[in-house]
Amino acid sequence: MSRCIQLAKNGLGTTYPNPLVGSVIVHNNIVIGEGWHYKAGSPHAEVNAINATEMRFASETSRLNTIFSEATIYVSLEPCSHYGKTPPCADLIIEKGIKKVVIGSTDPNPKVAGRGIKKLIEAGCEVILGILENECDTLNKRFFTFQNKKRPFIILKWAETTDGFIAPLSREEKAPVWITNKQSRQFTHKMRTEEQAILVGTTTVLKDNPSLTARDWEGNSPVRVVIDKNLKILTTASIYDEKVKTIILTEVTKENNGNLFFEALKISEDIPNQICKTLYKHSIQSVIIEGGTRTIQAFIDTNLWDEAFVFKGNSTFKKGVQSPVLKGKTIEKTLIKGDELIYFKNQSL
């Protein structure tokens, strides 16, 4: 099962809206096939593991039926039992004659939710559940949060100076003022490829004109989400370049255009929960809240966050915009070429 988890992580950032899944087939204590889910619409992990097994024994197909009947298939998440973009994996396992199935997590998706397990048992398979269940649940923390809490998994992220500022009071150019080093910035771009969306407020866009894409790391750029109450941001800003899907949260009524979406937001009401409902409507399973202080603090104050990554650079501003105040539990501290990365986890949810 540890190998299933390891394999599944290869799909981080590419499988949305599907979960991360890895699968391993074992015969006589030897791994004979393995696979993971690459992206939505492509074969699932179990299919890839079975295909890998068939390729391995391509020259001795007469033995395959016996091998499958004696084999055990391990899968980090319950095999699906319904037709989506691909056929049910539970049906394929049964068809191949695999009699023993070891499962990490039960799928919370109402379309599955135990139905795959039930189908396997009714077909005569021995099904073992809950192997490394906590680790398998953590693997799909985004998918599970989306399914169970009807909101995206929320990650807070910011960089601050040694004296606790997130930005200077003023600047001459509309460009970012870097607090951290190149390696830390590369890490944040890696984060962007792994999460489905990134959110900033109006002030961040007006001051920095960020593109919010993953330029320094290979992978998909996230959906851009921007709070702009009165549509103050000019359409010449980088967020309007239409390179990726962009959601503008505003009190102004405006028609959607291509991959630009304008969604209603009442500034006078609970903003974080409104945002979560909108992102859920767009099937977004995870979001990085990247700035600025007021936006991040709103999520902290409503206790609507799951993880936080705080980068502390070596620079000082002496005066500026104060960084958010977070009282979560520090889980880990890491040095990145002189910068300090502090990882928090919200354990009160």
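Structure shown above.
Rules and cut-offs
Residues numbered from 1 in each chain as written. Predicted model: local features only at pLDDT ≥ 70, side-chain atom pairs only at ≥ 80, totals over all residues. Heavy atoms only, no water. Pairing = 2+ DSSP bridges. Helix = DSSP H or I, 4+ residues; strand = E, 2+ residues; numbered from the N terminus. Phe/Tyr/Trp six-rings, centres within 6.5 Å; stacked < 30°, edge-to-face > 60°. Lys NZ or Arg CZ within 6 Å of the ring centre and 35° of its normal. Contact = heavy atoms within 4.5 Å. Axes fitted to C-alpha atoms, helices over the stretch in contact; angles between N-to-C directions.

Pairing of strand S15 (residues 329-336) with strand S16 (residues 339-345) involves 7 bridges; the strand directions are antiparallel. Bridge pairing in S16 links Leu335 to Glu340. What sits between the antiparallel neighbours S15 and S16 is a turn of 2 residues, in which Lys337 has the positive phi angle 50 degrees.

All chains considered together, the criterion is met by 5 aromatic pairs. The ring of Trp178 is capped by Arg185, whose NZ or CZ atom sits 4.4 Å from the centre of that ring. Across from the ring centre of Phe261, 5.0 Å away, lies the NZ or CZ of Lys245, which sits over that ring.

The next subject is the environment of Thr72. Looking at the element boundaries, Thr72 is found in strand S3 (residues 72-77). A sequence separation of 47 residues divides Thr72 from Lys119, and the C-alpha atoms of the two residues are 17 Å apart. Ignoring anything within four residues of it in the chain, the contact list for Thr72 reads Val24, Ile25, Val26, Lys100 and Val102.

The mixed open sheet is built from 5 strands, whose spatial order is S2-S1-S3-S4-S5. Here the strands that pair on one side only, and so sit at the sheet edges, are strand S2 (30-36) and strand S5 (126-128). Strand-to-strand twist of the sheet, defined as the mean angle between neighbouring strand axes without regard to direction, takes the value 20 degrees. Two elements, strand S4 (residues 100-105) and S5, share 3 bridges in a ladder whose sense is parallel. Across the sheet, the residue bridging to Val102 is Ile128, located in S5. Running over the sheet, helix H2 (residues 45-56) touches strand S1 (22-27), S2 and S3 and is turned about 135 degrees from S2.

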